[in-house]
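Take a look at the letters that make up each chain.
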Amino acid sequence: GRGYRFQGERKLKNVAEPVRMYKIMGGETAESMPYKSRIKYALLVLFVLLLGALGTWRNTDWFTGTYNKKILVLPMELHTADSARPYIGRIITEELIKSLGKVSELTVINPITAYVFEASINPLNEARNRLNGIDYFVNGSVDIEGMMIKIDIGLFNREETEIWSNSYQNELTLLPELTGRIATDITKFLKIKLNPTDYKRITELKTIDPGIYELWV
């Protein structure tokens, strides 16, 4: 705390009696502290800084678990000899991208990037080598028989290991419902808990656009 130190008496000009002089002593500084006190002071400062850093860290995605997993849906391989249906693979790919894009905790890579690998001999391997930061890859094939569609789908990690797979079948007109089921199953496997809004958006029954239906038939 502050104090006073007597400096003696001094005569001042135009003052008859000597004046007693005092020096006001300031608070203790880090340099003037004993060694142990300085250590305690330094530890206190470090503790305060660590508290501030922890507060910032707690707000990061890593700490809160809100990191959005990045997923790339590769173009579906179409297993059909029908040359009149060349865009069906793309239609299904985009429907699946739209369904997964409704999951708040997923970041789905846009179709333009996905189609870069459409003509690749090994799209999964090429995408993995050319793109950084992708957590998962969706790769699959489509079989068509009349108005029925069958999708064989697989989920791969960064090491190109298939960690989940399934087969789905439905009518063309219910394609959005089919891709919604696939998206829901993928999120369950990744242990992503869908909030009510996401779940409703994904599972809401919709029929395919009539224009797309005309392309199909």
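Residues numbered from 1 in each chain as written. Predicted model: local features only at pLDDT ≥ 70, side-chain atom pairs only at ≥ 80, totals over all residues. Heavy atoms only, no water.

**Section: the layout of surface pockets**
- There is about 270 Å³ of room inside the largest pocket.
- Looking at side-chain class alone, the lining of the largest pocket contains eight nonpolar, five polar and three charged residues. (1 Å grid on protein atoms, 1.4 Å probe; cavity = no way out; pocket = protein on both sides within 12 Å on 5 of 7 lines; lining within 4 Å. Points joined across faces, edges and corners; volume = space filled by probe spheres on them. Nonpolar A, V, L, I, M, F, W, Y, C, P; charged D, E, K, R; others polar.)

**Comments concerning helix 6 (residues 175-189)**
- Between the first and last C-alpha of helix 6 there are 21 Å, a value that for 15 residues agrees with the 21 Å anticipated at 1.5 Å per step.
- Of all the residues in helix 6, the buried ones are Leu175, Pro176, Leu178, Thr179, Gly180, Ile182, Ala183, Thr184, Ile186 and Thr187. (Helix = DSSP H or I, 4+ residues; strand = E, 2+ residues; numbered from the N terminus. Expected span 1.5 Å × (residues − 1). Buried < 20%, exposed > 50% of the residue type's maximum accessible area, 1.4 Å probe, protein only.)

**Topic: the environment of asparagine 195**
- Here asparagine 195 lies in the loop between helix 6 and helix 7 (196-203).
- Taking relative accessible area as the criterion, asparagine 195 reaches 31% and is therefore assigned partly exposed.
- When the C-alpha positions of asparagine 195 and valine 103 are compared, they lie 8.7 Å apart, and in sequence the two are 92 residues distant.
- Side-chain polar atoms of asparagine 195 contact the backbone nitrogen of threonine 197, separated by 3.1 Å.
- A distance of 2.7 Å separates a polar atom in the side chain of asparagine 195 from the backbone nitrogen of aspartate 198. (Polar contact = N/O pair within 3.5 Å; in protein donor to acceptor, adjacent residues only side chain to side chain.)

**Considerations on the pairing of strand 3 (residues 69-73)**
- In this structure, strand 3 lies alongside strand 5 (residues 106-108), joined through three bridges in parallel fashion. Note that in strand 5 the partner of isoleucine 71 across the bridge is valine 108.
- Across three bridges, the pairing between strand 3 and strand 6 (residues 136-145) is parallel. Considered in strand 6, the bridge of isoleucine 71 is made with tyrosine 136. (Pairing = 2+ DSSP bridges.)

**Some remarks on the confidence of the model for the protein**
- Here the protein averages 76 in pLDDT, while 63% of its residues score no lower than 70.
- Contacts of residues 55-65 to residues separated by more than four positions or lying in other chains number seven contacts, the stretch itself having pLDDT below 50. (pLDDT = per-residue confidence, 0-100. Contact = heavy atoms within 4.5 Å.)

**Points about the side chain of serine 120**
- Its location among the elements puts serine 120 in the loop between helix 4 (111-115) and helix 5 (123-130).
- Of the polar contacts made by the side chain of serine 120, one reaches the side chain of glutamate 126; its length is 2.6 Å.

**Examining the packing of aromatic side chains**
- Scanning the entire structure with this criterion turns up zero aromatic pairs.
- We note arginine 90 situated over the ring of tyrosine 115; from NZ or CZ to the ring centre the distance is 4.2 Å. (Phe/Tyr/Trp six-rings, centres within 6.5 Å; stacked < 30°, edge-to-face > 60°. Lys NZ or Arg CZ within 6 Å of the ring centre and 35° of its normal.)

**Considering the nonpolar core**
- Ile71, Leu100, Val138, Ile151, Ile153 and Ile186 are the most contacted members of the largest nonpolar core, which totals 31 residues.
- If you list the elements that add at least two residues to this core, you get strand 3, helix 3 (88-100), strand 5, strand 6, strand 7 (148-156), strand 8 (162-171) and helix 6.
- When residues of this core are assigned to their parent elements, the largest contribution, six residues, is made by helix 3.
- Residues within four places of isoleucine 186 in sequence aside, it is in contact with Ile71, Leu100, Val138, Leu155 and Trp164.
- Core analysis: the next-biggest nonpolar cluster, separate from the first, contains 11 residues, Leu72, Ala114, Leu131 and Ile134 among them. (Core = buried A, V, L, I, M, F, W, Y, C linked by side-chain atoms within 4.5 Å.)

**Here's the deal with unusual backbone geometry**
- Positioned with a positive phi, glutamate 160 is a non-glycine residue whose angle comes to about 65 degrees.
- Relative to the elements of secondary structure, glutamate 160 occurs in the loop between strand 7 and strand 8.
- In this structure, lysine 191 is a non-glycine residue whose phi angle is positive, near 60 degrees.
- One can find lysine 191 in the loop between helix 6 and helix 7.

**Section: the packing of helix 3 against helix 6**
- For the pair helix 3 and helix 6, interaxial distance at closest approach is 8 Å and the crossing angle is 50 degrees. One way to sum up the angle between helix 3 and helix 6 is to call them oblique. Like other packed secondary-structure pairs, helix 3 and helix 6 cross with a definite hand, here right-handed. Contacts between helix 3 and helix 6 pair Ile91, Ile92, Glu95, Leu96, Ser99 and Leu100 from the former with Leu175, Pro176, Thr179, Gly180, Ile182, Ala183 and Ile186 from the latter.
- Tallied by class, residues from the contact of helix 3 with helix 6 come to nine nonpolar, three polar and one charged. (Axes fitted to C-alpha atoms, helices over the stretch in contact; angles between N-to-C directions. Parallel < 35°, antiparallel > 145°, perpendicular 65-115°, else oblique. Left-handed = near helix turned anticlockwise from the far one by under 90°.)

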